[in-house]
Structure formats: structure tokens, C-alpha cells
Number of protein chains: 2
Amino acid sequence: MAITLYELVGRDAARPFSPHCWKVRMALRHKGLDFQCATAGFTEIPGLEGGYSKIVPILKDGETLVADSFAIAEYLEDTYPDRPSLFGGEGGRALSRFVESWSQRTIHPALARLAVLDIHDILGEADQAYFRESREKAFGATLEAFVADRAERVAPFLKTLEPLRAIVGRQPFLCGESPLFADYIVFGAFQWARVSSPFQFLPQDDPVALWFERCLALHEGEGAKVPAAA
Amino acid sequence: MAITLYELVGRDAARPFSPHCWKVRMALRHKGLDFQCATAGFTEIPGLEGGYSKIVPILKDGETLVADSFAIAEYLEDTYPDRPSLFGGEGGRALSRFVESWSQRTIHPALARLAVLDIHDILGEADQAYFRESREKAFGATLEAFVADRAERVAPFLKTLEPLRAIVGRQPFLCGESPLFADYIVFGAFQWARVSSPFQFLPQDDPVALWFERCLALHEGEGAKVPAAA
């Protein structure tokens, strides 16, 4: 059966940037499943698959539709149990939720304060208007003001990565010698920044940067196929 | 074979307070293993089992000695595989390390800034001298100065618990419907503060406080058997 992954893009359909869509793309490669990608801008999502979901990623597997990156990972794990595991058992599945929770509450808000204006700038015109209005309302600030002091935010942000740094400084991946979905969860966040923003914040010799490079090389360089923003 | 757990205590041998020893005590109960506890003050540790380890917990299982809480959990998991799992598979084992890394780098330093003087005060005389000298050297401050502004530190600390709060606010334990070792890792930190310091910092209706209460009730109230510091 054909699998389609709907991903979020800006003006350039060859540059998917959503962290959540990247988690799923890596999960599909991890499972060794063939899939095709389809793209949508923010304002096109409600028109996908008859209005199935307000968010991407959406996975279509034959006649089955699943939205939300973690739900999709669980779907893939349960539907294709004979392929390489994404969780490494029930404990890993449960704690992948904690990694998601940590990533969403530590890395995502910090990266938004570095990259949100750059994200805006890569969007199509209709998406830019939607994005600016919704984000400025949520932040209570203009996008420009929200990122104005980003240079000073880097050092404290790097400090919050210490729990991850301590792990990937002593082993190749968050989940050990090889990656599991929890690696892709955190990878997705950094890939979001890499694809959407030229702003550099990770020192090249930071163990987190070295781990991210290892993730970019996974699955025949799936993540590296999309060049970094310049 | 008899199992002995060496735990850290202050003047009151009935009040073990080390976070790492609590992790192991809970792990032993989780596995349903019989064990006896032996106690030591900080300065007595080097004399245990012929100088086996500079740190507790030390587990003695028959003729086997193991130190370090995570190593002990792994030992128990591998030695008693037919008893309830502490990790729920290899993915859970790997990500328990991330929970440990997060707890050690987020919760432990914050709790030290709230409770370190109280910890000093419950120690025996020789341990007090050792503890004050080693900690003041590490902190670059007197214990009194280190906790002087603890009231103002509570709100930012509570904010750093958000990744945990989001999880235990929607399910009973960090690892799902029932606890695994990752729950005990974080429980150990809060139990350390509860047993050693009367300083209250967790609002009673905080989902983290409610999760901690659930942990205290586990295994016939193992954690609650030692009353909170007053």
C-alpha cells in the first residue's frame, strides 16, 4: 500500500521545515518504509484529505489517516512490528513522551526566539500573513521584537541542553549506539532551525552539534538532503 | 541469598535521605526482593565492605557488590529478569539515563540551593565537618549564603519541572499507568528534600506534588514510612 506523508513547506516546496514532519520522515526511514511526500503551506492544511486535520504531519497509509507526529510513530510501531523498532519496548515508548515533553518545553520555545522571523520570511505570502498574526497574538510582541535580543539568548539556551549533552557526549545517540524515535524527536527541533534560519547558535564542537551531524547522516543522509538555510 | 542495601543517614539512622539510595530501595521493592538495610554516615562510607566504594548506595547480593544507583538497577534487571521490569525494555533502559541526566542537572542543583543547610544540620558531627568543607569548596560559598535567597528560587525552579508536570498531569506516573525505574529516579530527588528539609516548595495541587504522593504510597507506602522533616 502506498504511504504519503504530508509535510509543511514555505515558498520552496523542496525545503520541508516542520520539526514534527521531520520526526515522521526519519521514523519512516527508520522503519524502512517506502513513502512519497506531499507538501502544504500553513493555510493549505485545512484543505488536505477533506479537512482531516488542522496540523501536519498527516500520514496516509492506504486508506488510513493519522495526524500528530507521536501518534504516527505509534501507528507505525504497531502496524509494522517486524521492522526496526522506534521505541525499543513499552518503557521506551513511555519515556519517548518525556523526551517530547522536554523538547517541546525547553528547545522549541528557545528556538522560536532565535528563528521565528526567519521562519516567517521563508513562507508564501498568504502563510506569512497568517503566521505573523497568529504568532504575534500568541507572543504578545511583533516577530521582530520577539527575536531582537536573540544573540544574548544563545548562552542560556545552550545551558538548558546539558541533560542531552551529557548523554550524547558519551554515546553516539540519545538512545545508545543507534537511534530510536526519541533521537528523531530532538533532531526534528534542530532540523527545524537548520532549514529555516541561517542564524548559527550551536558551537561546532558542542557534543549536541556532533550528535546532530550524526543524525543528519542517518538513512543515507535523509536530513542532510535539504541544505541548511543560508 | 541475602541482599543488603547500604544507605546514607545522618544522626538518625531511621531516616535515610540520599536520593540515590531511595532510587534503589524503590527498585528493590519494585522487584519484590527481600533485603535488609545497613546505614552509614558520609565519613563511614570508605569503611564499608573493605573500602569497596566511595559512594552509596552499595548493594551486596550474596557475594556480589555493586555501587551506583543506575548500575544497581541494571544489575537487578539483568539478575532478576523474571520479576517486574524496571525499564520496560532496552529503549526504556536507554531513556532512563536521559531522565537521570535531566534530574541530576535540573532538579538536584535546584534542591541543593533549597535544602543544603538543612541537610548539613541532620548530619552527625564528623559528617557535618566533612560536608561543610567539601560543599563550601564546591559551591564557592558558605552553606548559609548558598541557601540565603531560597524563597526567590522556588518559582523559577517550579518552572523547570514543566516537562515532568505535563506528563504526570495526564497519567499517574512518568512511565504510564504504573511506575518504572525512571519514576524512582525523580522520586529519589524529591524524597531527598522531603526527608532532610522542612522547607516547603511544591504547591499541594501541583501535578508534580500529586505524582510524588502517589510515589510515596507505592509498595505499601515504602517512601512514606520515613516521616517528612519537621
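Residues numbered from 1 in each chain as written. Chains lettered and ligands numbered in written order. Predicted model: local features only at pLDDT ≥ 70, side-chain atom pairs only at ≥ 80, totals over all residues. Heavy atoms only, no water.

Under an unreviewed UniProt entry, the name given to chain A is Glutathione S-transferase family protein, and the organism recorded is Jiella avicenniae.

With that settled, the discussion passes to the sheet that holds strand E4 (residues 64-67) of chain B. All names here are of chain B. With mixed pairing, 4 strands are arranged side by side in an open sheet as E2-E1-E3-E4. The open sheet is flanked by strand E2 (36-40) and E4, the only strands paired with a single partner. Taken over all neighbouring pairs, the strand axes of this sheet differ in orientation by 20° on average, direction set aside. Relative to E2, strand E1 (residues 3-8) runs parallel, the two being bridged by 5 bridges. Within E2, the residue paired with Thr 4 across the bridge is Gln 36. Along the sheet, helix H1 (residues 19-30) makes contact with E1, E2 and strand E3 (58-61), crossing E1 at roughly 155°. (Pairing = 2+ DSSP bridges. Helix = DSSP H or I, 4+ residues; strand = E, 2+ residues; numbered from the N terminus. Axes fitted to C-alpha atoms, helices over the stretch in contact; angles between N-to-C directions. Contact = heavy atoms within 4.5 Å.)

What follows concerns helix H8 (residues 181-196) of chain B. Because each turn of an α-helix spans 3.6 residues, side chains separated by three or four positions in sequence point in the same direction. Residue and element names in this part refer to chain B. Between its first and last C-alpha atoms H8 spans 22 Å; for 16 residues at 1.5 Å apiece the expected length is 22 Å, and the two agree. The sharpest bend along H8 comes to roughly 25°, located at Phe 187. In terms of burial, H8 is largely enclosed, as 16 of its 16 residues are buried. (Expected span 1.5 Å × (residues − 1). Bend = angle between axes of the 7 residues up to and from the residue. Buried < 20%, exposed > 50% of the residue type's maximum accessible area, 1.4 Å probe, protein only.)

Here the focus is the packing of helix H1 (residues 19-30) of chain A against helix H9 (residues 207-221) of chain A. Residue and element names in this part refer to chain A. Taken N-terminus to C-terminus, the directions of H1 and H9 make an angle of 45°; their axes are 10 Å apart at the nearest point. When the axes of H1 and H9 are compared, the pair comes out oblique. In this structure, the crossing between H1 and H9 has a hand that is left-handed. Counting all contacts with H1, which are made through Met 26, Arg 29 and His 30, the residues of H9 involved are Cys 215, Leu 218, His 219 and Glu 220. Partitioned by chemical class, the residues of the contact of H1 with H9 number 3 nonpolar, 2 polar and 2 charged. (Parallel < 35°, antiparallel > 145°, perpendicular 65-115°, else oblique. Left-handed = near helix turned anticlockwise from the far one by under 90°. Nonpolar A, V, L, I, M, F, W, Y, C, P; charged D, E, K, R; others polar.)

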